[in-house]
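# Chain and residue survey
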Amino acid sequence: MKILFKNKTKYTTNAYNQFLNFHQGKFGFSYDTYTIIILILLVVCMFLQIKYRYWYLAIIFFLVIVGFIYYRFFYPVKEVSNEVHSEKFEKEKEFTFVFFDNSFEIRDKIYREKSYYNKLKHVYETKDFFYLYTDKNHAYILDKSGFINCTSTDFRNFIKKKCFFKYKYLDKSSFARPFLYFLIFFTLI
C-alpha cells in the first residue's frame, strides 16, 4: 500500500491538556446539561417516594443518585488521572500515524494498530492539532507540525474527503460561549 501521509506526534502532558480543554469546550455543556436534568428527575422521584412513604423505593433512588454522581463526576476524573499517569504521557511517547487510501496505522517502537476512516466518529481541527475521535471520549491526537511528507493543509483536504460529514474546523471562539449556554439553560428551565 502506498503511504499518502505520515505524522509523528509526541504525546506530552501539554498536548493532552490542550485536548482536555478542547473536549470540555466542545462537549462539556451537553454533558453538564444532561447530568443536571437526570439528577433533577432522580431527586424529584426520590422526594415523591418519601412523600408517599415508600421508604424502600426512596432508598433505592438515593443509591441510584449516589451511583450516578460517582459515574458522572468522580469516574471521569479518575480516568483522566490514569491517562495522565500512563506510560505514553509520562515517557512522552512518540507515535507515528501512517495514512493510506482506505485505512491508517498508529505505530510506535513495539505497537501497531490499524484502523479505518469509517470507524472515526468525528474529526476536529484546531489551530495546533487534529483530533480523530474513535468514540465520544477518546481521540488520536495529531500535531499539525508533525507531518513529514506533506503539510497540514494537504492532510486537511484529504481527511475532509474521507470523513466529509464528520470533519469540522474549530477555533476557541466557535465553542467557548458560556453566556450563550447560560441563556439556553435558563430558557429550558
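Scroll up for the structure.
The model shown is predicted, which means the values in this text are computed figures rather than measured ones.

### As for unusual backbone geometry
Trans is the common state for peptide bonds, and a negative phi is the common state for residues other than glycine. Within the chain, arginine 53 stands out as a residue other than glycine whose phi angle is a positive 60°. By the element assignment, arginine 53 lies in the loop between helix H1 (13–51) and helix H2 (55–84). Since its relative accessible area comes to 61%, arginine 53 is described here as exposed.

### Regarding the pairing of strand S5 (residues 122–125)
Of the strand pairs in this sheet, S5 and strand S6 (residues 129–133) are connected by 4 bridges, and their pairing is antiparallel. Each residue of the ladder has a partner; that of glutamate 125, found in S6, is phenylalanine 130. Two successive antiparallel strands, S5 and S6, enclose a turn made up of 3 residues. Here S5 runs beside strand S8 (residues 167–169); their pairing, made up of 3 bridges, is parallel. Residue pairing across strands places glutamate 125 opposite tyrosine 169, the latter belonging to S8.

### Structural notes on the sheet that holds S8
One open sheet accounts for 4 strands, arranged S7-S6-S5-S8; its pairing is mixed. Two strands lie at the open edges of the sheet, namely strand S7 (139–143) and S8, each paired on one side alone. In this sheet, neighbouring strand axes are inclined to one another by 15° on average, regardless of whether the strands run parallel or antiparallel. Both S6 and S7 contribute to a ladder of 5 bridges, which runs antiparallel. Considered in S7, the bridge of leucine 132 is made with tyrosine 140. Each of S5, S6 and S7 is contacted by H1, which is oriented at about 65° to S6, the strand it contacts most.

Definitions and cut-offs
- Residues numbered from 1 in each chain as written.
- Predicted model: local features only at pLDDT ≥ 70, side-chain atom pairs only at ≥ 80, totals over all residues.
- Heavy atoms only, no water.
- Helix = DSSP H or I, 4+ residues; strand = E, 2+ residues; numbered from the N terminus.
- Buried < 20%, exposed > 50% of the residue type's maximum accessible area, 1.4 Å probe, protein only.
- Pairing = 2+ DSSP bridges.
- Axes fitted to C-alpha atoms, helices over the stretch in contact; angles between N-to-C directions.
- Contact = heavy atoms within 4.5 Å.

Shape is all these values report; function is a separate question.
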